[in-house]
Amino acid sequence: MEDALKRALGTTVLRPTGHTGSGCISQGRSYDTDQGRVFVKSNFQSEARRMFEGEMASLEAILKTKTIKVPKPMKVIDLSGGITVFVMEHLDMRSLNRHSALLGAQLADLHLTNQKLGEKLKKEGSIVGKGQGQSDLQFVDQFGFHTVTCCGYLPQVNDWQSDWVTFFARQRIQPQMDMIEKTSGDKEARELWSQLQLKIPSFFCGVEIVPALLHGDLWGGNVSEDESGPIIFDPASFYGHSEYELAIAGMFGGFSSSFYSAYHSKIPRAAGFEKRLKLYQLFHYMNHWNHFGTGYRGSSLNIMRNLVK
């Protein structure tokens, strides 16, 4: 793999640094090259290119906002033997500690970027639209993303929708439900989902939602820091409701009260926040059910039971 990678990167030096990182989905390793140190994620799965291209587009979108540090993406490369690699900037990262409050503040800035751009354009009387693929930030007036992104290795349906409730029900929960139906034909899940669909609009009464660029998979394992401040990585981005971001953050720990205080000082909780948070956590529990098996069935069904009461 390393000889092929050397050719693909056009470097005479490709020396492992000893820095490694691996998750449930991909393996990672840092190398010194002619152009400096890079971090290389590798994956053997057939859907790896789609997954890495979505991650690359997500990192590019977050980078454009200049709000929060992410590794700079470089390229996705197919190597022989069915290996796909994603090459990005190497960052010396350590566990989030000192910069927890700053992470909360910068995450809020990320979420507010599109809204502020919209307000600025309105003030100037400019024409607004999706305008994806531009080098400068464009106001986005719908929910979705210009390409497929993957939460884990499962693809997310990011087709543009003008209504957030429709987007979330049809393009987040329904595909997860379809996978559960296909693999297990879970009758209780199907019946609960048919009831919950009818109730979802009532959770959003009086809430105005401006599309916000999201990291999309912000759990404790996807945040860190260096001397300069917080770093987020492994995104599964799309434009959605800012509250959605906090769902998985609250599921597996890793975020202190200072993180939440700093975030909510910029984006206060709206009425009904807790119920919507449970709704958003439902997606992640179902996604884990589809990734890792029925150990997540109970949590998924409990949320649905509580929300349909």
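Reading the values: rules and limits
- Residues numbered from 1 in each chain as written.
- Predicted model: local features only at pLDDT ≥ 70, side-chain atom pairs only at ≥ 80, totals over all residues.
- Heavy atoms only, no water.
- 1 Å grid on protein atoms, 1.4 Å probe; cavity = no way out; pocket = protein on both sides within 12 Å on 5 of 7 lines; lining within 4 Å.
- Points joined across faces, edges and corners; volume = space filled by probe spheres on them.
- Helix = DSSP H or I, 4+ residues; strand = E, 2+ residues; numbered from the N terminus.
- Nonpolar A, V, L, I, M, F, W, Y, C, P; charged D, E, K, R; others polar.
- Buried < 20%, exposed > 50% of the residue type's maximum accessible area, 1.4 Å probe, protein only.
- Pairing = 2+ DSSP bridges.
- Salt bridge = Lys/Arg side-chain N within 4 Å of Asp/Glu carboxyl O.

### Considerations on the layout of surface pockets
Here comes step 1: Of the voids in this model, the largest pocket is the one considered here, and its volume is about 1,000 Å³.
Here comes step 2: As for the largest pocket, its lining consists of 44 residues, and the residues nearest its centre are G23, G221, N222, F233 and D234.
Here comes step 3: At the level of secondary structure, the elements contributing two or more residues to the lining of the largest pocket comprise β1 (14–22), β2 (27–33), β3 (36–43), α2 (48–65), β5 (83–89), β6 (149–151), β9 (223–226) and α8 (273–292).
Here comes step 4: If one sorts the elements of the lining of the largest pocket by residue count, α8 sits on top with 5 residues.
Here comes step 5: In terms of residue class, the lining of the largest pocket is built from 20 nonpolar, 18 polar and 6 charged.
Here comes step 6: Together, 26 residues line the second largest pocket, and Q115, E208, I209, V210 and S242 are the ones closest to its centre.

### Notes on the pairing of β2
Here comes step 1: Burial of β2 is extensive: 5 of the 7 residues sit out of reach of the surface.
Here comes step 2: Taken together, the 6 bridges between β1 and β2 define a ladder with antiparallel strand orientation. Bridging from a neighbouring strand, S22 pairs with Q27 of β2.
Here comes step 3: As consecutive antiparallel partners, β1 and β2 are separated by 4 residues.
Here comes step 4: By the bridge criterion, 7 bridges tie β2 to β3 in an arrangement that is antiparallel. For S30, the partnering residue across the bridge sits in β3 and is F39.

### Structural notes on empty space enclosed by the protein
Sizing a probe to match a water molecule and rolling it over the atoms shows the empty space that remains.
Here comes step 1: Applying the stated criterion across every chain yields a total of 2 cavities of 30 Å³ or more.
Here comes step 2: Estimates place the volume of the largest cavity at around 60 Å³.
Here comes step 3: As for the largest cavity, its lining consists of L154, P155, Q156, V157, Q171, R172, P175, Q176, M179, F283 and N287.
Here comes step 4: At 5 residues, helix α4 (residues 164–184) tops the list of elements feeding residues into the lining of the largest cavity.
Here comes step 5: By residue class, the composition of the lining of the largest cavity is 6 nonpolar, 4 polar and 1 charged.
Here comes step 6: In this structure, the second largest cavity is lined by T65, L110, T113, N114, L117, L137, Q138, L213 and Y239.
Here comes step 7: Residue contributions to the lining of the second largest cavity peak at 4 residues, all from helix α3 (residues 100–124).
Here comes step 8: Residues that form the lining of the second largest cavity fall into these classes: 5 nonpolar, 4 polar and no charged.

### Quick notes on the pattern of salt bridges
When their charged atoms lie close together, side chains carrying opposite charge are able to pair.
Here comes step 1: Counting across every chain of the model gives 18 salt bridges.
Here comes step 2: For R49, the salt bridge is made with D78, and the minimal N-O distance between the two is 2.8 Å. Taken together, the residues R49 in helix α2 and D78 in strand β4 (residues 73–79) connect sequence positions 29 residues apart.
Here comes step 3: Accessibility expressed as a relative area gives 45% for D78, which makes it partly exposed.
Here comes step 4: A salt bridge links E181 to R190, with the shortest nitrogen-to-oxygen separation between them at 2.9 Å.
Here comes step 5: Exposure remark for R190: the relative accessible area of 37% places this residue in the partly exposed category.
Here comes step 6: Connected through salt bridges with shared partners, the residues R94, R98, E225 and E227 form a single ionic network.

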